[in-house]
Structure formats: structure tokens, C-alpha cells
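# Secondary and tertiary structure notes
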Amino acid sequence: MSTSYRYAEIAGALEARMRDGLYRPGERLPGVRRLAREFGVSIGTVLEALHRLEAQGRVRARARSGYYVQAPTRSAQPAISTPPPAPAPVRGQDMVLRLLQAANDPAFVQLGAAVPDPRLLPRKALARAVASAYRRYPDAAIDCAFPPGLEALRRQVARHLSAHGTPLHPDALLITSGCLEAVTLALRALTRPGDVVAVESPTYYGLLQALDALGLQALEIPTDPAQGISLEALGFALEQWSVAACIVTTNFSNPLGAVLSSARKRALSELLAAHGVALIEDDIYGDLAFSGVRPDTAKCYDREGRVIYCGSFSKTLSPGMRVGWVAPGVEFERIEFLKYATNLAAPSVLQLALAELLASGAYLRHLREVSAGFALAVGRMRHAVERHFPPGTRVTRPSGGFLLWLQLPAGIDSMALHARAHREGISIAPGPMFSASGKYRDCLRLNAAVPWTPAVERALRRLGALARELAGD
């Protein structure tokens, strides 16, 4: 059994003992060395399991004392969404650029944009890989790698995905300038202005902007924070409307953090195939499972080449590199041409550097570290929200990624909270940004991929105080 599976197995065994009352809230767990002997694993493996339990709020570390059992989290998950039942043009997205500009302003505590803090990413390893690419491949590094992109990177991406349950051949992949470009190219290949595209609700605001730019309508589908997009609601929508494409983030979605089970991914693929509708699968967060075990994809169940699979390294290695990929299936030639006509190619030196990181094993080593760090960060931020925000605040409990979605008590407007927080140098993402129809004024998204500093703690405490003021507490 792999080390990743052992992390999850040990964490599950300890959590079962807590449920059974063997370890009760407030009690100290057995020491790390004792647990390592009991399970027959290394101390590092036990610590990884404990870090995951800490991220889930089940245990808390005390300096020089050990790990103690926590009472189960008191906040409920947000309710399943109830978007409008008809397609609509995208509106209300004018604040997105201001949010992203705040992400680059050092005066702000950045909790809004879904961008990992550079201090959490492998800056030195990336610098070495880029320098090595220039040194080892001086001509290829400055040449233009026309679509489908450098074979070295396509081969490494295919190996990585195939090793984790999504078998793809290098020739089935095309390198893009990030995941959003991959999704946009897929939309351009599948749709014409005025067409209807089914999306999760809430969904990533960048996707909504892409729909807006292409003159498309969004059909928002109810989505559950735990189970993901409602297949029943999607099936009904497909019966009622002429849908040109459907876009779903199947693993650790943005902003809800939802994961479709393998059975639901298969059902999603089969449902859309039965209606002749292509699925654009955005899997940008798939490598960031807290358990260390990567979930499978809807692409695994694609029998007709109708699932267009998209991903990138923006959330795991470097947001600024802007290197991603798409497996276009039956739309390969069309999307290859669109990529060339749009911007010729992704940067060659970055493709070479990323290929080296994957080939050397450095990428997998980094994933183990960064997923554990994000798990801890998400858990800490969720606990801070539970402490400081008004009673009745609902918070998601993602099992991967680094985002939290909050549903505020009745009467608290996230747009007003955003405005007040912005004036105090705190950036958040209010709920209406994630809806074509401007819904979710009682919701907001927080980015937990930031170092846990006193400034971040103060910002969360202040956000909670502002929310209480808006609630009239």
C-alpha cells in the first residue's frame, strides 16, 4: 500500500476511535512514536495523518504536549444552491478586476483571489528548473513550440495523469496558457454567440467572464457543497433547454470545494453523452487532495471523446507561469487551430522546466508538502471563522484545494461586507461574483492559501466583527 493511502488509513482509524468514544474531546492522543509502532509506519506518516485530522478540526496540536481531541465542528455546511431555472446573460462581474488588483497590493490582506501565496510554492525549485532548461536546451528554450506544444511536457503530463487513474496518450494533449484558456478554447470550439452553457452554481467567476466575452448564456444548475452538481437538476435542464455544452469542476470545485464521487462522474458523463452534449471538465484542483489520494475524473468514463479535459499547474506550482493543458477528444483539430490562431504557443522555456520537474519526481514531492499545508491552512481558517463570525454562519468542509465558501446568517449582505473590508485593507470575494444572475448576496469565498500570520488572524477577527455589525449584533 502506498504512503498516501497509509496517511488516509491511519487518519480514518483514529477518527473512528473518536466516534466510538475511545478518545474523547479534550483527551490527549497516544504519542506519535507509540502510534508509529502500533501502525507499523514511520513517524512522518503518523504526523501526516495527524495533520489531516487537524485540518478537519478533529484534533489540535499543543506545543510540547501532543495532539488533543477536538469536539466535532459546530458549523453546518451551506445549503444546496437554488439558482434561477432559466438561462441568463452574465452580469455583475465588474468587480472582478478590482479584486484581482487587490491581490497584488501588499497593503491588503489577500483573502479574495484564489491565488496561492508564493511563499507556499516551490520558488527555488522552479528557479532551478528554468535555469536548467536554458542551460541544457538553449535552442529549444527560446524557440516557439507551436501547438500541440512540447512533446516532453505532454509526455510527463500524460504519465502523471495515467498514474493517477486518467489514462491519456501524449498525443491526446495540447499545451495551453493556463486552464482558463483551455476552457475558453473548448467553448469557442463548441458554441456560437447566444448559445446556452450549463454551469455549476455558484461557479468560478473567471468562467462567467469567459461566457460573457463569448456572448453566451449561463444556465445555472443547483450544486451541493459536498456532492457537487445536481445530476437530477441537470437532467431536467437538458430536457427543457437546448444546451451547447456543460462545464463542471469535478474535484474540489471553486468556490464550494465539492467532489463528485466516481459513480456521479460516470453518471455525469453518461447523462451528457445521452443528450449529445459535450462536457468541459475543469480539473485544476485535482492534485490537491488532503488525503494524498488523487480523485479520478469524468474523463475516465468518456467512451466517445466528448469530454474535453482541462488542467494546469497554476494552483500547484506557479500562478504566473500560465501553463496548462487540454485533452480535446474529438475536437482536437479545431482546438489546436484555435490555440495557434489565438497566441501561437505557450512559452517554451516554461514547458521545458515543468517537464523536468515532473520527470525528476520533484513535482510529486512538492504535492505532498503543499496539500498537507493547504489542509492545515483550510482547517485553521475554518476554525477562525467559527470563532469570530456571527452564530449561524455556515462553512464548507472541503477535502482538497484551499477555498472556503461561507453562507452568512439572514440579513448580512456580503457586498456590504466586501465594501467595508476593502476600506480596511482586507480583500474577500463576495457571493454575487460567482453567479451569472447575481445571487448569493449572503455568501462569500475566502482563500486559505496564505501563511498563517498575526495579520491574517486579525483580518479574520475583524471580518467577523464587521459581519456582526451588519447583523446588528
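Residues numbered from 1 in each chain as written. Predicted model: local features only at pLDDT ≥ 70, side-chain atom pairs only at ≥ 80, totals over all residues. Heavy atoms only, no water.

Across its full length, the protein carries 16 helices and 17 strands. Expected size for 473 residues packed as a compact globule is a radius of gyration near 23 Å; at 22 Å, the protein falls within 12% of this value. With respect to the three principal axes, the spread of C-alpha positions in the protein is 60 × 50 × 45 Å. Looking at the protein residue by residue over its 473 residues, the buried ones come to 58%. Long-range pairs, those at least 24 residues apart, make up 75% of the contacts in the protein with a sequence separation of at least 6. Accessible surface computed for the protein: about 19300 Å², of which carbon and sulfur atoms make up 52%. In the protein, the 54 positive side-chain charges and the 42 negative ones have mean positions that sit 8 Å from each other. (Helix = DSSP H or I, 4+ residues; strand = E, 2+ residues; numbered from the N terminus. Rg over C-alpha atoms; globule rule 2.2 N^0.38 Å. Buried < 20%, exposed > 50% of the residue type's maximum accessible area, 1.4 Å probe, protein only. Contact = heavy atoms within 4.5 Å. Areas by Shrake-Rupley, 256 points an atom, 1.4 Å probe, with all protein chains shown as cover. Lys, Arg positive; Asp, Glu negative; His and termini not counted. Charge placed at Lys NZ, Arg CZ, Asp CG, Glu CD.)

Here we come to the sheet that holds strand 16 (residues 429-430). Across the sheet, 4 strands lie side by side as 13-14-17-16; this open sheet has antiparallel pairing. Each of the sheet's edge strands pairs with one partner strand only, and the pair in question is strand 13 (394-395) and strand 16. For strand 14 (residues 403-407) and strand 17 (residues 443-447), the ladder comprises 5 bridges, and the chain directions are antiparallel. Looking at the pairing, Leu404 lines up with Leu446 of strand 17. Along the sheet, helix 14 (residues 362-388) makes contact with strand 13, strand 14 and strand 17, crossing strand 14 at roughly 20°. (Pairing = 2+ DSSP bridges. Axes fitted to C-alpha atoms, helices over the stretch in contact; angles between N-to-C directions.)

As a further point, take the pairing of strand 11 (residues 307-312). Counting buried positions along strand 11 gives 6 out of 6 residues, so the element sits mostly inside the fold. Here strand 11 shows no split at all, with Val307, Tyr309 and Gly311 on one side and Ile308, Cys310 and Ser312 on the other all buried. Bridging between strand 10 (residues 278-282) and strand 11 involves 4 bridges; their strand directions are parallel. Across the sheet, Asp282 pairs through a bridge with Cys310, a residue of strand 11.

This next bit is on a positive patch on the surface. Taken together, Arg60, Arg380, Arg387, Arg458 and Arg461 make up a surface patch of like positive charges. Mapped onto the positive patch, the elements with two or more residues apiece are helix 14 and helix 16 (454-471). Turning to its location among the elements, Arg60 is positioned in strand 1 (residues 59-62). Arg60 sits in the partly exposed class, given a relative accessible area of 36%. (Patch = residues over 30% accessible without salt bridge, like charges linked within 9 Å, V, L, I, M, F, W, Y side chains within 5 Å. Salt bridge = Lys/Arg side-chain N within 4 Å of Asp/Glu carboxyl O.)

Our focus in this paragraph is the nonpolar core. One finds Leu111, Leu187, Leu211, Phe313, Leu446 and Leu463 to be the most contacted residues of the largest nonpolar core, which totals 101 residues. A total of 11 residues in this core trace back to one element, the largest contributor, which is helix 14. Setting aside anything within four residues of it in sequence, one finds Leu211 in contact with Val90, Leu187, Val197, Val199, Leu216 and Ala218. (Core = buried A, V, L, I, M, F, W, Y, C linked by side-chain atoms within 4.5 Å.)

A separate point is helix 11 (residues 262-274). Residue pairs spaced three or four apart in an α-helix point in one direction, given the helix's 3.6 residues per turn. Counted at 1.5 Å a residue, the expected span for helix 11 with its 13 residues is 18 Å, and the 18 Å between its end C-alpha atoms agrees. In this structure, the buried residues of helix 11 make contact with strand 8 (228-229), helix 10 (231-240), strand 9 (243-248), strand 10 and strand 11. Remark: Gly276 follows helix 11 within two positions and exhibits a positive phi of approximately 70°. (Expected span 1.5 Å × (residues − 1).)

Take unusual backbone geometry next. Going from Pro147 to Pro148, the amide bond is cis rather than trans, its omega being 15°. Turning to its location among the elements, Pro148 is positioned in the loop between helix 6 (138-142) and helix 7 (151-163). Geometrically, the link from Asn254 to Pro255 is a cis peptide bond, its omega value of 15° lying close to zero. Position of Pro255 relative to the elements: it lies in the loop between strand 9 and helix 11. Even without being glycine, Arg322 reaches a positive phi, approximately 55°. Structurally, Arg322 can be placed in the loop between strand 11 and strand 12 (324-327). The exposure class of Arg322 is partly exposed, given its relative accessible area of 35%. Look at Tyr440: it is not a glycine, yet its phi comes out positive at around 70°.

Okay, the packing of helix 5 (residues 123-136) against helix 13 (residues 348-360) next. The contact between helix 5 and helix 13 brings their axes to 8 Å, and the two run at 115°. As the angle between them shows, helix 5 and helix 13 are arranged roughly perpendicular. As helix 5 packs across helix 13, the resulting crossing turns out to be right-handed. Along the contact surface, helix 5 presents Ala125, Leu126, Ala129, Val130, Ser132, Ala133, Tyr134 and Arg136, while helix 13 presents Val349, Leu350, Leu352, Ala353, Glu356 and Leu357. Grouping the constituent residues of the contact of helix 5 with helix 13 by class yields 11 nonpolar, 1 polar and 2 charged. (Parallel < 35°, antiparallel > 145°, perpendicular 65-115°, else oblique. Left-handed = near helix turned anticlockwise from the far one by under 90°. Nonpolar A, V, L, I, M, F, W, Y, C, P; charged D, E, K, R; others polar.)

With that out of the way, let us pick up a nonpolar patch on the surface. Nonpolar side chains collect at one region of the surface, where Phe146, Phe337, Tyr340 and Leu344 lie side by side and expose about 410 Å² of accessible area between them. Turning to its location among the elements, Tyr340 is positioned in helix 12 (residues 332-343). For Tyr340, a relative accessible area of 41% translates into the label partly exposed.

Quick look at the environment of Leu121 now. Note on placement: Leu121 falls in the loop between strand 4 (109-110) and helix 5. Overall, Leu121 belongs to the buried group, its relative accessible area being 10%. Excluding its chain neighbours within four sequence positions, the residues that come into contact with Leu121 are Pro116, Thr316, Leu317, Ser318, Pro319 and His366.

This model, assessed by the stated rule, comprises 14 salt bridges. The partner of Arg154 in a salt bridge is Asp171, with the nearest N and O atoms 3.5 Å apart. Here Asp171 lies in the loop between helix 7 and strand 5 (174-176) and Arg154 lies in helix 7, a separation of 17 residues in the sequence. Overall, the relative accessible area of 7% leaves Arg154 in the buried class. The class of Asp171 is exposed, set by a relative accessible area of 51%. The salt bridge partner of Asp413 is Arg441, with a shortest N-O separation of 2.7 Å. Of this pair, Asp413 sits in the loop between strand 14 and helix 15 (414-423) while Arg441 sits in the loop between strand 16 and strand 17; the two residues are 28 residues apart in sequence, bridging distant segments of the chain. With relative accessibility at 24%, the residue Asp413 sits in the partly exposed group. Judged by its relative accessible area of 42%, Arg441 falls in the partly exposed class.

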